[in-house]
Amino acid sequence: MGVSQMSLPAAEGHEEHDEARAGAGAPLPPERYLDREESWLRFNERVLELAEDESVPLLERVRFLAIFATNLDEFFMVRVAGLVRRMVAGFPVEGTGLQLPGQVLENTLELAGKLTVRHARAFSERIAPELAEHGIEILRWKELSADERENLGDLFRQRIYPVLTPLVVDPAHPFPFISGLSLNLAVMIADPRTDATVFARVKVPPLLPRFLAVSQNRFVPIEDIIAAHLTDLFGDVEIIEQHAFRVTRIRDLEVDEELTENLLQAMERELVRRRFEPAVRLEVEDTMSADVLDRLVTELDIDERAVYRVPGPLDLSGLFTLADLNFGELRYPAFVPSTRAVSQDNSIFTAIAERDILVHHPYDSFAASVEKLIDEAADDPRVLAIKQTLYRTSGQSPIVDALIDAAEAGKQVVVVVEIKARFDERANIAWARKLEEAGCHVVYGFVGLKTHCKMALIVREEPDGTLRRYCHIGTGNYHPTTARIYEDYGLLTADPAVGEDVTALFNHLTGYSRTKTYQRLLVAPEALRAGIVSRINRQVERYQAGRPARIAFKTNALVDETVVDALYRASQAGVPVDLWVRGICALRPGIPGLSDNIRVRSVLGRFLEHSRIYAFGTGDDEDSEVWLASADMMHRNLDRRVEQAVQVMDAGHQRGLRRFLDIGMDDGTSSWWLNADGYWTRHSRDEAGNPLRDVQETLVRERRVRSADD
């Protein structure tokens, strides 16, 4: 059945989402949701399209290739791993589709395989030749000169050979464990004593560069150097064949918090155990023989559908190093964030006390706003207490250093650290220990819930003796490095209502307070979904009463059935709905009678679109609202995390946020448009072939103009 002719029978299996229907008429069709796994892969396909786009600077295209690779690694470690686990346990697939688990897995592996091959070919057939035209070469061993081979031979003996451990498989030596994401060589050798063929594995050292420099801007994959010197490892034997391969394993943490007294120690044990999880993907060079491949598939006990043969080199996440080469003309123009959002002449507390401040990263400087707030709080003798959530931060974090300085100065410092932040567990454990040693009160949040809200509270004694609360509430993490490449908003405010709300939420995180209602916050898991849905339904009521109505969201993912169904009902009622979704979207737009009033767009580019904005109303009516949030519209955010959304009250800030949403949704902006069948169509040029507006470059130019006016 085509989606444009989708019938409207009674929905099955979603009775729990009736609260989203707002008493509307006909039941919604069961086929109304797109598959989330395919939707995620389509997102990564958009990343790949940027790597293939010749209008993007060449080294940035290299970076997008590396981003695609790391994205796909995480997808297999988490999402595909989750599918496999649920199938083994006999659970239904989590999500919104009607397909059986086996069908979802098969479709997912097939599409991932097609994109994997396309990605490898984009590098070998398009990017590598263009790099060579600019004097940047990635060479295979046979392409090197005799002198270069000799120099690399010396390098092999000095830096590589000492750390290699060849492992032969024979009756006395079982097949070795292959760690996740490690690059390896499968080697077949002829045993001169028995004339038997023996399998061996050589692990490529992970701490050495993925691409080693032969000379300036000439690189060779490290596995080629190892392969050329295998006789140094195995002695005087015949090397029959050798091929690179790579294994991906499950990497999602499982810790039973209710049975664990010390969560920190349990997480550390789990990080060790995680290395031995089952394999969910095998990547091999397309030159590998069928015999060697069969051996790997059997020993790894891996689904043959998850075996991908691609032209080498494997593991193109290593291209990040090349993307950082100093070729200014091959990269995006340098950009210096604006420092004008917060006055640099006076105390930041004076500036916030005068009015709410809205900062937009990376266009506004993170260091001159958020870091400045925490730094001044640590140094200011009038500051009595600092409370902050930390979900992700960098290895060298000025914010953590400031919190430690504040604690050592005698201030009360409370830090809620989420040590289960995916792939940042080790870093967060290290920070938690360092903060505790400095005298900070470190809290790990709730059993069964991740603390994902982004907020800081500073209690300061004013000159008149009163206490005042200063808050930062953001859509992104307190991570100074990603703040330069992630697009996020942050609200700095001394509004008493926000101060009371944030205080209550911190008490909720650190004590036994169970506040469910706030003045200017919506908090998950208790009230965020219900708050969003009730505001969607209010727009329906306005439209039905003949009053202006509109809904506009910007989010990273839209999956939650309750929210999706509420948006469908709003569209059926006639409310215009604009959805700016970076990644996964389960909603099908443009279906007559269901979603013909809904548009879905996606913007990818130089910066990672990361902010979440939920706007209701046209901006001209009395009950229009704009909210900034830490949460996407996903089950995990709304049910299994502590998240916050804050209402933006300043009229000027509201207009700025709505203008930003309008630019992103405008037909003249370069973006991808989602079709009802789940495919995204890129719109990057007008009918005359001219480039459409780049929303990110537009904001960069605006900041440059403002800086020139200083």
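Below or above, wherever it landed, is the structure these notes cover. (Residues numbered from 1 in each chain as written. Predicted model: local features only at pLDDT ≥ 70, side-chain atom pairs only at ≥ 80, totals over all residues. Heavy atoms only, no water.)

Moving on: the overall build of the protein chain. Along the backbone of the protein chain there are 19 helices and 27 strands. Taking all 710 residues of the protein chain together, the buried fraction comes to 58%. In the protein chain, once contacts between residues fewer than 6 apart in sequence are set aside, the share between residues at least 24 apart is 72%. Surface exposure of the protein chain reaches about 29300 Å², of which carbon and sulfur atoms provide 48%. (Helix = DSSP H or I, 4+ residues; strand = E, 2+ residues; numbered from the N terminus. Buried < 20%, exposed > 50% of the residue type's maximum accessible area, 1.4 Å probe, protein only. Contact = heavy atoms within 4.5 Å. Areas by Shrake-Rupley, 256 points an atom, 1.4 Å probe, with all protein chains shown as cover.)

Before going further, it helps to spend a moment on the sheet that holds strand 5 (residues 211-215). Pairing is mixed across the open sheet formed by 3 strands, whose spatial order is 1-6-5. Only two strands of the sheet have a single partner each, and these edge strands are strand 1 (137-138) and strand 5. Relative to strand 6 (residues 218-221), strand 1 runs parallel, the two being bridged by 2 bridges. By the bridge assignment, Glu137 is partnered in strand 6 with Arg218. Sheet contacts for helix 4 (residues 146-160): strand 5 and strand 6; angle to strand 5, the most-contacted strand, approximately 135°. (Pairing = 2+ DSSP bridges. Axes fitted to C-alpha atoms, helices over the stretch in contact; angles between N-to-C directions.)

On to the pattern of salt bridges. Using the criterion set out here, one finds 50 salt bridges in the structure. Where Arg520 meets Asp356, a salt bridge forms, and the shortest distance between an N and an O atom there is 3.9 Å. Of this pair, Arg520 sits in the loop between helix 14 (496-510) and strand 18 (521-524) while Asp356 sits in the loop between helix 10 (348-354) and strand 10 (357-361); the two residues are 164 residues apart in sequence, bridging distant segments of the chain. Of the two residues, Arg520 and Asp356, neither departs from the other in class, the shared state being buried. With a shortest N-O distance of 3.1 Å, Arg703 and Asp364 are connected by a salt bridge. Linking Arg703 in helix 19 (residues 695-708) with Asp364 in the loop between strand 10 and helix 11 (367-379), this pair joins segments that are 339 residues apart in sequence. The network of salt bridges with shared partners includes Arg550, Asp578, Arg599, Arg601, Asp662 and Asp667. (Salt bridge = Lys/Arg side-chain N within 4 Å of Asp/Glu carboxyl O.)

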